[in-house]
Amino acid sequence: MSLARPPRRVNCFGLAPFVPRLPATARPGEASKVNCVGLASLSARAGMGVGLPGLLAFGMNMPMSEGANTSGPATSTIVGIDEAGYGPLLGPLVVTAAAFDVPVEIMKRARSDAEGPDLWQLLGGSVTRKVSKRDARLAVADSKKLFQRGKGGEDLFALERAVLTFMAQTDQAPTGWRGLLNMVAPFADEKLRHYPWYRDGDLNLPTCCRPDDLATQRNALRADMAGQGIRFRGFWCEVLPEGHYNQLVNNTRNKAVVLFGLTTRLIQRVADSVGPR
């Protein structure tokens, strides 16, 4: 499929769905694959998927082995993984992982290992599944539910709010789209610079949220997690631009193999960052 006009649609992680707003000038025939950009959703289930940009709707739940916590009870690390851009939409394929340390006692009370604990319920004082003007809590859900098309400058509000609030839990405060990308996918920028529609683009952050609101959300979430003994460990992303994606699919003849390769690399990055458990 050829592109005769610049990228227009992007899905967010829901972490970084800001690509569609970047200046774009694609020449016909330069990219054959179009899909969507987003960083993933933060799921609500601890073994959850982070469809929270969505932050929160992970497709894979991966409890890691438990380890001693020198400042409190023993914890297990739960990793949620999801992808955006696997279908025929404009943008790169993005796979994102989000990790939480959860007390072992909470893990034991979960209905099953596959589901893990319900973080929406545990963090219900600061987090909700639905976007509502009457609810001041942080909306964390699948990016398709958080992205509000047609809202003009507010279409990314819920997605951006969730992502930046969670990143603040690890003292990360990106001031631009490229800065955010370098924090969660440090090797992606080099690949993206091969594409004229990504090369020089950037976007100041936040785009929709007020700094005072983000600070309020950050403090509320931090207090809620501390009360439950839960710790957010961070986001990790793998970004595969259109041309790179097409080349790998042509080589393997199987896009599932491509996705699996990105996912295993992501798991290794999380394990290296979290350390022995």
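Residues numbered from 1 in each chain as written. Predicted model: local features only at pLDDT ≥ 70, side-chain atom pairs only at ≥ 80, totals over all residues. Heavy atoms only, no water.

**Quick look at the nonpolar core**
No. 1: Core analysis: the biggest nonpolar cluster contains 40 residues, and Phe 100 and Phe 166 have the highest contact counts within it.
No. 2: The biggest single contributor to this core is helix α4 (residues 157-168), with five residues.
No. 3: Listed in part, the 16 residues of the second largest apolar core include Leu 93, Ala 99, Leu 262 and Leu 266. (Core = buried A, V, L, I, M, F, W, Y, C linked by side-chain atoms within 4.5 Å. Buried < 20%, exposed > 50% of the residue type's maximum accessible area, 1.4 Å probe, protein only. Helix = DSSP H or I, 4+ residues; strand = E, 2+ residues; numbered from the N terminus.)

**Side note on the pattern of salt bridges**
Any two side chains of opposite charge can pair, so long as their charged atoms come close to each other.
No. 1: Summed over all chains, the structure comprises twelve salt bridges.
No. 2: Measuring nitrogen to oxygen at the nearest pair gives 3.1 Å for the salt bridge that ties Arg 265 to Glu 238. On the criterion of sequence distance, the pair formed by Arg 265 in helix α10 (residues 255-274) and Glu 238 in strand β6 (residues 231-240) is long-range, its members being 27 residues apart.
No. 3: Owing to a relative accessible area of 42%, Arg 265 belongs among the partly exposed residues under this scheme.
No. 4: For Glu 238, a relative accessible area of 8% translates into the label buried.
No. 5: With a shortest N-O distance of 3.0 Å, Arg 269 and Glu 238 are connected by a salt bridge. (Salt bridge = Lys/Arg side-chain N within 4 Å of Asp/Glu carboxyl O.)

**Considerations on the layout of surface pockets**
No. 1: When its volume is computed, the largest pocket comes out at roughly 340 Å³.
No. 2: Contributing to the lining of the largest pocket are 16 residues, with Val 131, Ser 132, Lys 133, Gln 148 and Phe 157 lying nearest its centre.
No. 3: When residues of the lining of the largest pocket are assigned to their parent elements, the largest contribution, three residues, is made by α4.
No. 4: Taken together, the residues of the lining of the largest pocket sort by class into five nonpolar, three polar and eight charged. (1 Å grid on protein atoms, 1.4 Å probe; cavity = no way out; pocket = protein on both sides within 12 Å on 5 of 7 lines; lining within 4 Å. Points joined across faces, edges and corners; volume = space filled by probe spheres on them. Nonpolar A, V, L, I, M, F, W, Y, C, P; charged D, E, K, R; others polar.)

**What to know about the packing of aromatic side chains**
Here a ring pair, both rings aromatic, is described through the centre-centre distance and the interplanar angle of the planes.
No. 1: In this structure the tally under the stated criterion is seven aromatic pairs.
No. 2: Centroid distance Phe 100 to Phe 166: 6.0 Å. Interplanar angle 85°. Geometry classified as edge-to-face. Taken together, the residues Phe 100 in strand β3 (residues 93-103) and Phe 166 in helix α4 connect sequence positions 66 residues apart.
No. 3: Accessibility expressed as a relative area gives 2% for Phe 100, which makes it buried.
No. 4: A residue is classified by how much of its surface remains accessible, and Phe 166, at 3% relative accessible area, is buried.
No. 5: Ring geometry for Phe 232 against Phe 235: centres 5.0 Å apart, planes inclined by 65°, an arrangement best described as edge-to-face.
No. 6: Residue Phe 232 is classed as buried on the basis of its relative accessible area of 4%.
No. 7: Judged by its relative accessible area of 6%, Phe 235 falls in the buried class.
No. 8: An aromatic cluster is built from Phe 100, Phe 166, Phe 232 and Phe 235, whose rings are joined through pairwise contacts. (Phe/Tyr/Trp six-rings, centres within 6.5 Å; stacked < 30°, edge-to-face > 60°.)

**Looking at the pairing of β3**
No. 1: Along β3, eleven of the eleven residues are buried, which leaves the element largely enclosed by surrounding structure.
No. 2: The alternating pattern of β3 places Leu 93, Val 95, Ala 97, Ala 99, Asp 101 and Pro 103 on one face and Val 94, Thr 96, Ala 98, Phe 100 and Val 102 on the opposite face, and all of these are buried.
No. 3: Where β3 meets β6, nine bridges bridge the pair, whose relative direction is antiparallel. Considered in β6, the bridge of Ala 98 is made with Phe 235. (Pairing = 2+ DSSP bridges.)

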